Amino acid sequence: MKNNMDDLKEIWKSGQNNSVDSNIPVDEIISQAGQKKKKALKVQITNLVILVLVLIGLCLFFKYVTPFEQLLSKVGVALMLGSLSVRIILEIYSIILSGKVDVSETALKSNTAAFKYHKFRKFIHGFVTISILVIYSVGFFMLTPEFSLYFNSTVMILIDLSFLVAALIVGLSIRSAIRKEMASLNDILRFNKELLGK
């Protein structure tokens, strides 16, 4: 990631150092920026597919394996499925927003779109992700009273502990992915600012 950004900066600087009549490798800069954008988009689409598959799996599980009857459990299911659905909608919107960042546009226009996209992703990875994880977890634990009708206390403790361990692992992997994405977006913003001479 850092090497790619350094390469882009070197290409840009060498173009700036050349005389006006020299060929500035603008096509190469645009091509590399476009490749960087495609990689980020691929990660987002992969995340979207995983979220959709999890949502479908949970819907099938709650319908055919454990059709809950108590109101508390139904609210818990709604919180779990609702929070996942909101995350999916936001990921789709984010992909659409990413499409508006055109690396071949003027530096000013590209920088404005990149900044808007960066701000939105930061919002998703901060407040939104934490809220969704909390709501999803609350929904899961609301299923516990009805689950306890079918399982003894030892099994219930194991179920709840396994959820906590899984949530910790997922949380750490999400945090790592967020750091990588935000570092990439920060590099793109920094590069765009350099193009503008700021």
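Here the structure is shown first, and the text comes after it.
Keep in mind it's a predicted model, so treat the numbers as computed, not measured.

### Digging into the pattern of salt bridges
So, point 1. Applying the stated criterion across every chain, the model contains one salt bridge.
So, point 2. A salt bridge links glutamate 91 to arginine 87, with the nearest nitrogen and oxygen atoms 2.4 Å apart. Taken together, the residues glutamate 91 and arginine 87, both in helix α3 (residues 71-99) and four residues apart, mark about one turn of the helix. Like arginine 87, glutamate 91 is buried.

### Some details on a nonpolar patch on the surface
So, point 1. On the surface, Ile45, Val49, Val52, Leu53, Ile56, Leu60, Phe61, Tyr64 and Val65 cluster together to form a nonpolar patch covering roughly 820 Å² of accessible area.
So, point 2. With respect to the helices and strands, the residue tyrosine 64 is situated in helix α2 (residues 26-65).
So, point 3. Among the residues examined, tyrosine 64 registers a relative accessible area of 59% and is labelled exposed.

### Side note on the nonpolar core
So, point 1. In this structure, Phe62, Phe68, Val77, Leu81 and Leu143 are the most contacted members of the largest nonpolar core, which totals 17 residues.
So, point 2. Of all the elements in the fold, those that place two or more residues in this core are α2, α3 and α6 (153-196).
So, point 3. Filtering out sequence-adjacent residues up to four positions away, phenylalanine 62 remains in contact with Pro67, Phe68, Val77, Met80, Leu81 and Leu143.
So, point 4. Counting seven residues, the second largest nonpolar core, distinct from the first, contains Leu97, Tyr117, Phe120 and Ile132.

Rules of the game
Each chain carries its own residue numbering, running from 1 in the written order of its sequence. Residues qualify for local features only when their pLDDT is at least 70, as the model is predicted, and side-chain atom pairs are given and counted only at 80 or more; totals for whole chains, interfaces and linings, by contrast, use all residues. Where side-chain values are given, they derive from all heavy atoms of the structure, hydrogens and water being excluded. Any carboxyl oxygen of Asp or Glu that lies within 4 Å of a side-chain nitrogen of Lys or Arg is treated as forming a salt bridge with it. Strands here mean DSSP runs of E at least two residues long; helices mean DSSP runs of H or I at least four residues long; both are numbered from the N terminus. Burial classification: accessible surface area is computed with a 1.4 Å probe over protein chains only, and a residue below 20% of its type maximum counts as buried, one above 50% as exposed, and the rest as partly exposed. Note on patches: the residues involved have over 30% relative accessible area and no salt bridge, like charges join within 9 Å, and the nonpolar side chains Val, Leu, Ile, Met, Phe, Trp and Tyr join within 5 Å. Each accessible area is a Shrake-Rupley estimate made with a 1.4 Å probe; only the visible protein chains count as cover when residues are assessed. Remark: nonpolar core denotes a set of buried residues (Ala, Val, Leu, Ile, Met, Phe, Trp, Tyr, Cys) joined through side-chain atoms within 4.5 Å. Should any heavy atoms of two residues lie within 4.5 Å, those residues are considered in contact.

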